[in-house]
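# Structural characterization, general
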2 protein chains.
Amino acid sequence: MKSQKHDRPPSAKEVPHKIPKRTIGLIAGAGGLPKEAAALLVERGQSVRLVGFSGLTDCDLQTAAEQAQFLRLGQLEAMASALNDMGVRELLMLGKVPKSLLFDGQGIVDPDAEALRVLSEQPEFGDENLMTAIARWLEGRGFSICDQGEELASLLAPFGALSARTPSESEYADFLVGRSAVRALGSAGIGQCVVVKHGSVLAVEAIEGTDATIHRAGQLGGPGSTVVKAARPAQDRRFDLPAIGVSTIEAMIEAGASALAIEADSTLMIDQEGMVRTANHANLSVWGFTQDSDREGRPS
Amino acid sequence: MKSQKHDRPPSAKEVPHKIPKRTIGLIAGAGGLPKEAAALLVERGQSVRLVGFSGLTDCDLQTAAEQAQFLRLGQLEAMASALNDMGVRELLMLGKVPKSLLFDGQGIVDPDAEALRVLSEQPEFGDENLMTAIARWLEGRGFSICDQGEELASLLAPFGALSARTPSESEYADFLVGRSAVRALGSAGIGQCVVVKHGSVLAVEAIEGTDATIHRAGQLGGPGSTVVKAARPAQDRRFDLPAIGVSTIEAMIEAGASALAIEADSTLMIDQEGMVRTANHANLSVWGFTQDSDREGRPS
């Protein structure tokens, strides 16, 4: 007969020492996000085992990882073996893998037989298709894929103003145009970013990336544009949440863009402090929106 | 008391000599379309009176017009006066006015007080907003705006293959991805063109124009892409129907794109003969689709 004591759920205070140190397999693409995430995981006392990709992943990442292996992109079997050897089951897939590599990945992409099989089974290479297919392949090998938004919740943009300056009336009007445009794009499985000025969509992101889109908008429409970035409506939050960082702000400064609107709770911020400092220094407005926040919800 | 003879409608045979020679005021932007249209109108015995824009409109257009006046873009009052002086009531608005001029039109755009008023009344500069606003302004001055699709029906792309080569299976699959993407874009009031390869949208047109979009897709995704161009679902057919010509095919050849799908009955073809010849020479596939044509409807 069990005592009442054993039946009631343990309180938070009683269990911390029983939580095993989690071991996370970080599959890291390009950009600053994997590094930011690795630091966060280590800070939480988790053990990070890294799979990086030659020519793509920041080599500095190795310092945060207890174990690391760099592979050529597309070596699925080698990746599964490496992760097994490192003793990880839970995976976090992070960082950019530019889709243009699919079309011109000479020297970086080297698909093995399994990768070619997975690719050949794809009816199309839509943005999420490939990631989903690779995730499913990994799951078939016994791995589980963590949710980016959950693991990195502290990096998600909040609702409201992040910068000292809130959006002006005209920036807000441009944001509303951009928000509906980026939602339409996302629904069609295309990009996550548009740039708007005077209500006109100057540039739309497909596979060129956000920074290139911002630069093009600057060339076409001059200064004073508003950049809007959002997750796809049916986004799989395990991977490919939109991410921004200091480089986004720097691209905006170069292009003369004046405001950035990012979807709250769905956009990962890399080096938020540096980002906000850079934005404030250039008097840019950065703020987090939700798909249904309206003028009343605008911070002022 | 009227005789029965006078009551019945006149037969077609009886009236041709009574149809007045129509006088069309051609408001011409950039590109080859206004010239093609002017030749067509003259061939039909219509009288063309031209308003062109310095630095934008092809000067050769003057040879087709009985009267011509070149103005600076944005001189609405001067345009209305010129059209009145030329004795025209029916207007055909044709040719590109790059939207980037709105943002950086130094030396070409010189808005008068009326243009500034019309601009200031626009809540946003969406693709159709401005054209609609200008059309409305002209209507307020007693002019009527002709339907491009009606006046230039013979230039509209037909359904089916225009080139010797029909689309391959994979080009057809890419076209289907592109068609749904371009519809989503059009519904959101953005561009009219996307470029697709392996089911992935490589590039999306906003204000940079179709040729720039095709070039970018080539740089990002390499050869073998499919270009899809369509009218916006709620397009005002009086102006801004998508147009393609030899330059579109040349841009595709430079970028290595292999197939072009254009919306039948909604896309104007400039120099169809030259376009098809150029496409056939490079073994490109060009064909006209409808929004609901399916695989069964595919020409083979």
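Residues numbered from 1 in each chain as written. Chains lettered and ligands numbered in written order. Predicted model: local features only at pLDDT ≥ 70, side-chain atom pairs only at ≥ 80, totals over all residues. Heavy atoms only, no water.

## Points about the packing of helix α10 (residues 246-255) of chain B against helix α11 (residues 272-281) of chain B
Residues and elements named next belong to chain B.
- Closest axis-to-axis distance for the α10/α11 pair is 8 Å, and the angle between their directions is 15 degrees. Accordingly, the angle class assigned to the pair α10 and α11 is roughly parallel. Along this stretch, α10 crosses α11, giving a crossing that reads as left-handed. From α10, Val246, Ile249, Glu250 and Ile253 reach across to α11, where they touch Gly274, Met275, Thr278 and Ala279.
- When its residues are assigned to classes, the contact of α10 with α11 shows five nonpolar, two polar and one charged. (Axes fitted to C-alpha atoms, helices over the stretch in contact; angles between N-to-C directions. Helix = DSSP H or I, 4+ residues; strand = E, 2+ residues; numbered from the N terminus. Parallel < 35°, antiparallel > 145°, perpendicular 65-115°, else oblique. Left-handed = near helix turned anticlockwise from the far one by under 90°. Contact = heavy atoms within 4.5 Å. Nonpolar A, V, L, I, M, F, W, Y, C, P; charged D, E, K, R; others polar.)

## Here's the deal with the environment of leucine 71 of chain A
Residue and element names in this part refer to chain A.
- Turning to its location among the elements, leucine 71 is positioned in strand β3 (residues 67-71).
- Placed 17 residues apart in sequence, leucine 71 and serine 54 show a C-alpha to C-alpha distance of 5.9 Å.
- Other than its neighbours up to four places away in sequence, leucine 71 contacts Val51, Gly52, Phe53, Ser54, Ala78 and Met79.

## So, the packing of helix α9 (residues 210-221) of chain A against helix α10 (residues 246-255) of chain A
Residue and element names in this part refer to chain A.
- The N-to-C vectors of α9 and α10 enclose an angle of 10 degrees; their axes lie 8 Å apart at closest approach. Relative to α10, the element α9 is oriented roughly parallel. As for the relative orientation of α9 and α10, their crossing is right-handed in sense. Contacts from Thr210, Asp211, Ile214, His215 and Gly218 in α9 reach Ser247, Thr248, Ala251, Met252, Glu254 and Ala255 in α10.
- Among the residues forming the contact of α9 with α10, the class breakdown is four nonpolar, five polar and two charged.

## Quick word on the sheet that holds strand β7 (residues 193-197) of chain B
All names here are of chain B.
- Sheet architecture is open: six strands sit in the order β6-β13-β11-β9-β7-β8, paired in mixed fashion. The open sheet has two edge strands with one neighbour each: β6 (160-161) and β8 (200-204).
- Of the strand pairs in this sheet, strand β11 (residues 259-263) and strand β13 (residues 285-289) are connected by five bridges, and their pairing is parallel. Across the sheet, residue leucine 260 finds its bridge partner in β13, namely valine 286.
- Relative to β7, helix α8 (residues 169-187) is tilted by about 145 degrees, and along the sheet it contacts β7, β8, β9 (226-229), β11 and β13. (Pairing = 2+ DSSP bridges.)

## Concerning the pattern of salt bridges
- One pass over the full model with this rule turns up 34 salt bridges over all chains.
- For the salt bridge of arginine 49 of chain A with glutamate 66 of chain A, the shortest nitrogen-to-oxygen distance reads 3.3 Å. Of the two residues, arginine 49 of chain A sits in strand β2 (residues 47-53) while glutamate 66 of chain A sits in the loop between β2 and β3, which places them 17 residues apart along the sequence.
- By relative accessible area, which is 47% here, glutamate 66 of chain A ends up partly exposed.
- Note that arginine 238 of chain B is salt-bridged to aspartate 236 of chain B, the shortest N-O span being 3.0 Å. By the burial criterion, arginine 238 of chain B is buried, and aspartate 236 of chain B matches it. (Salt bridge = Lys/Arg side-chain N within 4 Å of Asp/Glu carboxyl O. Buried < 20%, exposed > 50% of the residue type's maximum accessible area, 1.4 Å probe, protein only.)

## Some thoughts on the relation of the copies chain B and chain A
- Each copy of the sequence occupies a distinct position, and chain B is placed on chain A by a rotation of 180 degrees and an axial shift of 0.0 Å, giving an RMSD of 0.0 Å. The symmetry that links the two subunits is that of a two-fold axis. (Least-squares fit on C-alpha atoms with pLDDT ≥ 70 in both.)

## Some words on the sheet that holds strand β11 (residues 259-263) of chain A
All names here are of chain A.
- In spatial order, the strands read β6-β13-β11-β9-β7-β8; together these six strands make up an open sheet with mixed pairing. With partners counted over all chains shown, the strands left at the sheet margins are β6 (160-161) and β8 (200-204), one partner each.
- One ladder, built from four bridges, connects strand β7 (residues 193-197) with β8; its direction is antiparallel. Paired with valine 196 across the two strands is valine 201, which belongs to β8.

## So, the domain arrangement of chain A
Residue and element names in this part refer to chain A.
- When cut into domains, chain A gives domain 1 (9-146) and domain 2 (156-297).
- Here the C-alpha centroids of domain 1 and domain 2 sit 27 Å apart.
- Salt-bridge contacts for arginine 238 lead to glutamate 139; the nearest nitrogen and oxygen are separated by 2.7 Å.
- Run the count over domain 1 and domain 2 and you get two residue pairs in polar contact (both at pLDDT 80 or more).
- Of all elements in the fold, only α2 (33-43), α4 (100-103) and α6 (127-140) reach the threshold of two or more residues within the side of domain 1 that touches domain 2.
- In terms of residues, the side of domain 1 that touches domain 2 owes the most to one element, α6, which gives six residues. (Domains from an automatic or database assignment. Polar contact = N/O pair within 3.5 Å; in protein donor to acceptor, adjacent residues only side chain to side chain.)

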